[in-house]
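Here are the chains, one letter per residue:
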Amino acid sequence: FWLKPFWLKPIASALGSGSFDCPAHARTYRAATMMSMEAAREAAKAKAKEQIEAQLGEQAPRSLKMLFPCCGGPVKTMETCMCAVPADQRDQVKKAIEKYKNA
């Protein structure tokens, strides 16, 4: 009969095979994949920053811990008050701050 749904066969085959015959849909799929990869990258950066903040929070001297809320957290406090950090820990703290800024 002439009213058969002839357009359903190409759509069903494209959906079933996982490939996209339409270039617009292929671009959309690639863009969605790239956005999910970017979201995963941002999540990894946020996790790394949280770990560095926790590490610096543990290493901070007691006198600096009370300044965390005033200065913006452990990283900014340790960076601002580097003179209060013990000399043997300064290199580690500086490296951690650099990692935090680069992440």
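Scroll up to find the structure this text is about.
Asker: So what exactly am I meant to see when it comes to the state of the cysteines here?
Answerer: Where two cysteines share a covalent bond between their sulfur atoms, that bond is called a disulfide. Tallied over the entire structure, the rule returns 0 disulfides. Left unpaired, Cys70 is separated from the closest cysteine sulfur, that of Cys71, by 6.1 Å. Left without a disulfide partner, Cys71 is nearest to the cysteine sulfur of Cys81, which lies 5.2 Å away. Taking the relative accessible area as the measure of exposure, Cys71 reaches 28% and is therefore partly exposed.

Asker: Sorry, what's going on with the nonpolar core here?
Answerer: Among the nonpolar cores identified, the biggest contains 14 residues, and Leu56, Met78, Val85, Val93 and Ile97 are the most heavily contacted of them. Elements that contribute at least two residues to this core include exactly helix H2 (23–59), helix H5 (74–80) and helix H6 (90–102). Considering each element in turn, this core owes the most residues, 4 residues, to H6. Those residues within four positions of Leu56 in sequence are excluded, and the remaining contacts are Pro74, Val75, Met78, Val93, Ala96 and Ile97.

Asker: Honestly, the pattern of salt bridges in this entry has me stumped. Any pointers?
Answerer: Side chains carrying opposite charge are able to pair once their charged atoms draw close together. Throughout the structure, instances matching the rule amount to 2 salt bridges. A salt bridge links Lys101 to Glu79; its shortest N-O distance comes to 2.6 Å. Pair noted here: Lys101 is in helix H6 and Glu79 is in helix H5, with a separation of 22 residues, a long-range link.

Asker: Could you clarify how one ought to interpret the environment of Ile97 in this entry?
Answerer: Of note, Ile97 is situated in helix H6. Take Ile97: its relative accessible area is 3%, and that puts it in the buried class. Considering only alpha carbons, one finds Ile97 and Met78, 19 residues apart in sequence, at a separation of 8.4 Å. Among all residues touching Ile97, those that are not within four sequence positions of it are Leu56, Val75, Met78, Glu79 and Met82.

Asker: Looking at this structure, how should I read the environment of Glu53?
Answerer: Among the structural elements, Glu53 can be located in helix H2. On the basis of relative accessibility, which here comes to 30%, the residue Glu53 falls in the partly exposed class. In contact with Glu53, other than residues within four places in its own chain, are Pro74, Val75 and Tyr100.

Thresholds, definitions, all that
- Note on numbering: residues in each chain are counted from 1, in written sequence order.
- Thresholds applied to this predicted model are a pLDDT of at least 70 for local features of residues and 80 or more for the giving and counting of side-chain atom pairs; totals over whole chains, interfaces and linings are not thresholded and use all residues.
- To get the side-chain values, take all heavy atoms of the structure and skip hydrogens and water.
- Count a disulfide wherever a pair of cysteine sulfur atoms falls within 2.5 Å.
- We call a residue buried when its accessible area falls under 20% of the maximum for its residue type, exposed when it is over 50%, and partly exposed in between, using a 1.4 Å probe and counting protein chains only.
- Only buried Ala, Val, Leu, Ile, Met, Phe, Trp, Tyr and Cys residues count toward a nonpolar core, and they belong to the same one when joined by side-chain atoms within 4.5 Å.
- Strands here mean DSSP runs of E at least two residues long; helices mean DSSP runs of H or I at least four residues long; both are numbered from the N terminus.
- The contact criterion used throughout is that any non-hydrogen atoms of two residues lie within 4.5 Å.
- Whenever Lys or Arg places a side-chain nitrogen within 4 Å of a carboxyl oxygen from Asp or Glu, that contact is recorded as a salt bridge.

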